[in-house]
Amino acid sequence: MPTTGETPISATGLTKTFGKTIALNSVNLVVPKGDITAILGENGAGKTTLIHVCLGLTKPTSGQISMFGHSPGAHPARLRTGVMLQDADLPDLLTPREHITLFASYYQDPLNLPDVIDMCKLAKFADKKYKTLSGGQKRRVQFALAIIGNPDLVFLDEPTTGLDTQTRRMLWGVVRELAKDGRTVILTTHYLEEADALADRIVVMHGGNIIADAPTPQIRAVAGGAVITCTTVLTVAALKSLPDVKSVRKTGRFVQINTQNQTTTMKSLLAADPQVSELVIKKPSLEEAFDRIVQTPQQNQEKA
Amino acid sequence: MQTLSLNAFFNECGAEILKAVRAPEYILPTLILPVAFYALFAFAMPNSGTSGARYLLATYGVFAVMGPAIFGFGVGVANERDRGWLKIKRASPAPAISYIGAKIMVTLIFASLALIPIYLLAGFRAQIVLARSDWFLLFGLHMLSVLPFILIGLTLGFSFGSNGAVAVSNIVFLGMAALGGLWLPAFLFPAPLQKFAATLPSYQLAEIALAIVGASSQTGAERIPLQNLNIVAIMTIILAGLAIWAWRRQRD
């Protein structure tokens, strides 16, 4: 992929070691303009280290990286970047309005303060001291700081960890709006649901390696086939013997049938048990795809 | 670009002032303690006379500016670093210079607020007579005195967590004051302690201030204020190196 000064992130062979721990192992990543990319992985997979390297907060041990054609942490790159970091808190004694006003002054063309207060639903507590806010409210203020500068590139490091559903949906909504306007969003998460709901592209990290990197539907397709959920009189063993069935799981009165080919499996299921009911057919979840990818990192890495 | 960083600087100053004013439990002791001590030792103690008040005007002025500098930077920076705030700042286009610059501005404001009541007591209550130019010279010196203590505060702020920084800042603050001869003149110290006192910026700055107010030197030695100033300059350079080293070390 050709990279220019307009390419938000272009990294090759990024390696970072902390003593004997390899946090990043020769990572290659190019993020073009205007995508939502989710970096997915368990704790310790290297997601945060990768983000810190992109921001210039951590120097890579080796490898090349450029942010909009600049080295990470250079002022021109920072002017185009907004961040929401994990484990990073703001001073207690300022109000959200004061925090956001201060941050707006760092950027050349910031968004309107009232707009951001509205977008992030801060109005109710915009003039309370930061230390009196709840955890979810604090995260909303931190998110507002990430977007106030009207940046071309927004990093969100586990933005919704520990958030209530309502705040999470608000945040997702704003992220979608940002991407619609041609901005680039990178978010790390260990919620598959979040990556699935938001991202155009999913990068799966495991043990400092990128073990999969593809558009979201393609990652989901790794699991293949479909999942049939129903209640039936048939035994698990009988279900397993149906054509194209990969696995069967019983949960309460339901059974979940993993199939490679929903049509053939359904036909024979209905033939074997005409009384089958409460039938639902779903595409496999990202979670199943993820389990499969992480279980076979070697093979996927060769594919990638 | 210029107006952008200027705007950021003014906003940063406003934020620093608000933070300080909203934490009166930290700021009040650093403002009130020096003038209270000055009143106590210059007037309330027996055999305190104008010469004592003159002497203590010089040394308590240095003491008064130490608090805002050491605590503002030592505890303030440690706290904001601890909670990850400095990490967000470093990732954002916040100019580092305006963050430090705003903290220096606030330190100077609070240093002058700590100094002025001492000057008023000295001038009106103790009837100390100084030429107007000497008052300004004294004020200039006392304000300049914040510099080495800011650098010490920065080094502490970059080196300790927020709890540790409170403890260490207190030790450094009290040590600099007591051993630098700001409370009791150094000539009352045993000889080895007198030698040690000379290695402290608080002592060297007090010597220059004493020369300005026309009081005798702490150790009774022949006074050469320019030499004291040179020593302070060298100490400041060393402390700046130390602060830069501490800053680099905590970055990764």
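The rules behind these values
Residues numbered from 1 in each chain as written. Chains lettered and ligands numbered in written order. Predicted model: local features only at pLDDT ≥ 70, side-chain atom pairs only at ≥ 80, totals over all residues. Domains from an automatic or database assignment. Contact = placed C-beta atoms within 7 Å. Helix = DSSP H or I, 4+ residues; strand = E, 2+ residues; numbered from the N terminus. Buried ≥ 20, exposed ≤ 12 C-beta atoms within 10 Å, placed from the backbone. Pairing = 2+ DSSP bridges. Axes fitted to C-alpha atoms, helices over the stretch in contact; angles between N-to-C directions.

Caption draft 1: Broad picture of the domain arrangement of chain A. Per the domain assignment, the segments of chain A are domain 1 (9-80 + 152-220) and domain 2 (225-283). Using only C-alpha atoms to locate each centre, domain 1 of chain A and domain 2 of chain A end up separated by 38 Å.

Caption draft 2: Quick look at the interface of chain A and chain B. The interface is formed by 24 residues belonging to chain A together with 22 residues belonging to chain B. Mapped by element, the contributors of at least two residues to the side of chain A that touches chain B are helix H2 (75-79) and helix H3 (96-104) of chain A. Of the residues forming the side of chain A that touches chain B, the biggest block, four residues, is contributed by H3(A).

Caption draft 3: Structural detail: helix H1 (residues 47-55) of chain A. Residue and element names in this part refer to chain A. A large share of H1 lies buried, amounting to nine of its nine residues. Looking only at H1, the buried set comprises Lys47, Thr48, Thr49, Leu50, Ile51, His52, Val53, Cys54 and Leu55. Immediately downstream of H1, the backbone of glycine 56 shows phi near 80°, a positive value.

Caption draft 4: Here's a closer look at unusual backbone geometry. Residue and element names in this part refer to chain A. Non-glycine residue aspartate 87 carries a positive phi angle of around 50°. Here aspartate 87 shows up in the loop between strand E5 (81-84) and H3. Accessibility expressed as a C-beta count within 10 Å gives 10 for aspartate 87, which makes it exposed. Unusually for a residue other than glycine, asparagine 150 sits at a positive phi of about 55°.

Caption draft 5: Broad picture of the sheet that holds strand E2 (residues 21-31) of chain A. Residue and element names in this part refer to chain A. With respect to topology, three strands assemble into an open sheet ordered E2-E1-E4, the strand pairing being antiparallel. At either end of the open sheet lies a strand with only one pairing partner, and these are E2 and strand E4 (62-67). For this sheet, the mean angle separating the axes of adjacent strands, direction not counted, is 20°. By the bridge criterion, five bridges tie strand E1 (residues 9-18) to E4 in an arrangement that is antiparallel. Across the sheet, the residue bridging to serine 10 is serine 66, located in E4. The strands touched by H1 within the sheet are E1, E2 and E4, with E2 carrying the most contacts at an inclination of about 60°.

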